[in-house]
Amino acid sequence: MSTGFKGKFHRQNMLSRFAKDLVRRSRSHCELCDRNGTRLDIYELPPLEEEPSAEGCVFICDGCRKQITEPKKMIPSHWRCLNNAIWSEVPAVQVLSLRLLRRLVDKNEHWASELLEHAYLDTELEHWADLAE
C-alpha cells in the first residue's frame, strides 16, 4: 500500500469510486447507528487491503467515526445501536459491530457482554474481526 500524502490521496480517490454503491446499500443512513440526515463517510476496516473494495468498508456518521478512532472518548450508551447492527446483512458491519462490542465488554458494559454472548458470526467473519486486534 502506498504511503504519504500522494498514497492517501490515491486511496481516497479509489474509495470514492464506490461511494454510490455504499449510499445505495445504506439507504443514506449510518450503517451502525442508523442516523440519517447527516454527512456520512466511508470507513475502511483494518487491516487494509492493497485494493480497497466496498465489501471492506462501512458508511458511517461522524459521531460513530470519532468514537471508533478515539476509543477513550467512547460513549457506551451511543452503542446500544449495536443491538441491530450486529445482525446486519453486510459482513463489514457485523465485523465492526463485533469489534466495538468487544471494546465495550473491556469497559465492563454488561449489556454488551450479553449481546456478545447471543451474537453469532461465521467463523470467517470472526477471524476477520480478530485481524485488527
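> Just checking my understanding: could you explain the overall build of the protein chain for this structure?
Helix and strand counts for the protein chain stand at seven helices and two strands. The C-alpha atoms of the protein chain give a radius of gyration of 15 Å, which matches the 14 Å a tight globule of 133 residues would have. Considered along the principal axes of its C-alpha atoms, the protein chain spans approximately 45 × 30 × 30 Å. Within the protein chain, counting contacts between residues at least 6 apart in sequence, those at least 24 apart form 63% of the total. Taken as a whole, the protein chain presents about 8,300 Å² of accessible surface, with 49% of it coming from carbon and sulfur.

> Any chance you could explain the pairing of strand E1 (residues 40-44) here in plain terms?
Counting buried positions over the five residues of E1 gives five, a clear majority of the element. Inspection of the sheet shows E1 paired to strand E2 (residues 57-61) by five bridges, in the antiparallel sense. Bridge pairing links tyrosine 43 to valine 58 in E2.

> Whenever I open this one, the side chain of glutamate 31 confuses me. Can you help?
Within the element layout of this structure, glutamate 31 appears in the loop between helix H2 (19-26) and E1. Judged by its relative accessible area of 11%, glutamate 31 falls in the buried class. At a separation of 2.7 Å, a polar atom in the side chain of glutamate 31 contacts the main-chain amide nitrogen of phenylalanine 59. Once residues lying within four places of it in the same chain are set aside, the contact partners of glutamate 31 are Arg25, Ser26, Val58, Phe59, Ala85, Val90 and Val93.

> Is there a simple way to think about the packing of helix H5 (residues 91-106) against helix H6 (residues 110-118) in this case?
It is the contact of H5 with H6, at a shortest axis distance of 8 Å, that shows an interaxial angle of 135°. With respect to each other, H5 and H6 are oriented oblique. As H5 packs across H6, the resulting crossing turns out to be left-handed. Residue-level inspection shows Leu98, Leu101, Arg102, Leu104 and Val105 of H5 in contact with H6, the latter providing Trp111, Ala112, Ser113, Leu115 and Leu116. Tallied by class, residues from the contact of H5 with H6 come to eight nonpolar, one polar and one charged.

Each value, and the rule that gives it
Residues numbered from 1 in each chain as written. Predicted model: local features only at pLDDT ≥ 70, side-chain atom pairs only at ≥ 80, totals over all residues. Heavy atoms only, no water. Helix = DSSP H or I, 4+ residues; strand = E, 2+ residues; numbered from the N terminus. Rg over C-alpha atoms; globule rule 2.2 N^0.38 Å. Contact = heavy atoms within 4.5 Å. Areas by Shrake-Rupley, 256 points an atom, 1.4 Å probe, with all protein chains shown as cover. Buried < 20%, exposed > 50% of the residue type's maximum accessible area, 1.4 Å probe, protein only. Pairing = 2+ DSSP bridges. Polar contact = N/O pair within 3.5 Å; in protein donor to acceptor, adjacent residues only side chain to side chain. Axes fitted to C-alpha atoms, helices over the stretch in contact; angles between N-to-C directions. Parallel < 35°, antiparallel > 145°, perpendicular 65-115°, else oblique. Left-handed = near helix turned anticlockwise from the far one by under 90°. Nonpolar A, V, L, I, M, F, W, Y, C, P; charged D, E, K, R; others polar.

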